[in-house]
Amino acid sequence: MEDLKILFVCFKEHKKGVVVILTATVIGAALGVAAFYNGWLG
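Below is a summary of the structure that appears in this document.

So, how was this worked out
- Residues numbered from 1 in each chain as written.
- Predicted model: local features only at pLDDT ≥ 70, side-chain atom pairs only at ≥ 80, totals over all residues.
- Heavy atoms only, no water.
- Helix = DSSP H or I, 4+ residues; strand = E, 2+ residues; numbered from the N terminus.
- Buried < 20%, exposed > 50% of the residue type's maximum accessible area, 1.4 Å probe, protein only.
- Areas by Shrake-Rupley, 256 points an atom, 1.4 Å probe, with all protein chains shown as cover.

### Some details on the overall build of the protein
So, point 1. Helices and strands together make up the secondary structure of the protein, namely two helices and zero strands.
So, point 2. Structurally, the protein occupies a C-alpha span of about 45 × 20 × 10 Å along its principal axes.
So, point 3. Per-residue burial over the protein gives 5% buried out of 42 residues.
So, point 4. Approximately 4000 Å² of the protein is accessible, and the part contributed by carbon and sulfur atoms is 74%.

Structure representation (structure tokens):
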């Protein structure tokens, strides 16, 4: 549980960075799904 506390402190200190990472993850996942369904991967 100590790790979660450290993580939470990091979240509070670096909110913008966390938001950017989450946004990039969501966009990446959406692009991956789109590529998969449209057959862009070959």
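### Considering the environment of G32
So, point 1. Mapped onto the elements, G32 comes out in helix 2 (residues 15-38).
So, point 2. On the basis of relative accessibility, which here comes to 37%, the residue G32 falls in the partly exposed class.
So, point 3. Spatially, the C-alpha atom of G32 lies 29 Å from that of F8, the residues being 24 residues apart in sequence.

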